[in-house]
Amino acid sequence: MLSGSKVPPVSDLRQLQAAIDEVFQEDHVNIEYVSALLSAYKSNSRDWACYAKFDPHKYTRNLVSRGNGKYNLMVLCWSEGQASSIHSHAGSHCFMKVLSGSLKELKYDWPDSSRQSEMTVREENLLQINDVAYINDSLGLHRMENPNHTECAVSLHLYSPSFSECTVFDQRTSRQTCSRVTFWSIYGRRASPDSLLAPDPTDSPEHKERGEELAEK
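What you see is a predicted model; the values in this text were computed from it and never measured.

> Can you walk me through unusual backbone geometry in this structure?
Glycine aside, residues mostly have negative phi angles, and peptide bonds mostly take the trans form. Of note, the bond from Ser160 into Pro161 is cis; its omega dihedral lies within 30 degrees of zero at -10 degrees. Within the secondary structure, Pro161 sits in the loop between β9 (153-160) and β10 (165-169). A positive phi angle, close to 50 degrees, is found at Ala90, a residue other than glycine. For Ala90, the location among the structural elements is in the loop between β3 (86-87) and β4 (93-100). Ala90 gets classed as partly exposed once you look at its relative accessible area, which sits at 41%. One non-glycine residue, Tyr187, lies in the positive phi region at around 55 degrees. Inspection of the secondary structure assignment puts Tyr187 in the loop between β12 (185-186) and β13 (189-190). Owing to a relative accessible area of 2%, Tyr187 belongs among the buried residues under this scheme.

> Any chance you could explain the packing of aromatic side chains here in plain terms?
How two aromatic rings sit relative to each other is given by the distance of their centres and the angle of their planes. One pass over the full model with this rule turns up five aromatic pairs. Centre to centre, the rings of Trp110 and Phe169 are 5.7 Å apart; their planes meet at 90 degrees, and the pair counts as edge-to-face. In this pair, Trp110 sits in the loop between β5 (103-108) and β6 (123-127) while Phe169 sits in strand β10, placing the two residues 59 residues apart along the sequence. The class for Trp110 is partly exposed, based on a relative accessible area of 40%. For Phe169, a relative accessible area of 6% puts it in the buried group.

> Honestly, the packing of helix α1 (residues 13-23) against helix α2 (residues 31-40) in this entry has me stumped. Any pointers?
Describing two packed helices takes the angle between their axes plus the distance from one axis to the other. Where α1 meets α2, the axes come as close as 10 Å, and the angle between the chain directions of the two elements is 170 degrees. Between α1 and α2, the angle is such that the two are roughly antiparallel. Two secondary-structure elements touch here, α1 through Leu16, Ala19, Ile20 and Val23 and α2 through Tyr33, Val34, Leu37 and Leu38.

About the cut-offs
- Residues numbered from 1 in each chain as written.
- Predicted model: local features only at pLDDT ≥ 70, side-chain atom pairs only at ≥ 80, totals over all residues.
- Heavy atoms only, no water.
- Helix = DSSP H or I, 4+ residues; strand = E, 2+ residues; numbered from the N terminus.
- Buried < 20%, exposed > 50% of the residue type's maximum accessible area, 1.4 Å probe, protein only.
- Phe/Tyr/Trp six-rings, centres within 6.5 Å; stacked < 30°, edge-to-face > 60°.
- Axes fitted to C-alpha atoms, helices over the stretch in contact; angles between N-to-C directions.
- Parallel < 35°, antiparallel > 145°, perpendicular 65-115°, else oblique.
- Contact = heavy atoms within 4.5 Å.

Here it is in structure tokens:
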């Protein structure tokens, strides 16, 4: 997709997915254009409610599309006060859009691997509904949290390429560990605990159709 291409109208989540699929037919990722696509879509809970699965003990990742192996599109659900660890993105692009509530993004520099020290916040951003943000490993690390202790939050995330592991960091010591990244649900249905974010070559069209049927209800 060439820089300066006009962003098509995006009235619902299905149109957004179709537009993203077209973009990712090419190997080059136009960050500005993908961000503009996400911005063009205005959140409507009827589009994504079937993917919004909450867990009282942790935030959840819920698969919407595997993107023909080029990307993963997912809905993340954050109960009151829930947060992620400080983490990397395994060399991938990370786009995110707030669908409901608000999210706080805390950015960090990569720590010095030769010594342990506390990691300090470099930048703080409060993302409101329909706001879009982007990060990759060359821009640093981040931590996401729902700052609200009375309301939940929902966000849409696009990762390209998809990944099944990332590096997480202890803020007090900067100690690094490898973390497996899993789905809470796939196409609106509860997933097994070891369902990874990596593309699944055996992913069935029938499974996708069931997810689309849920979205229509």
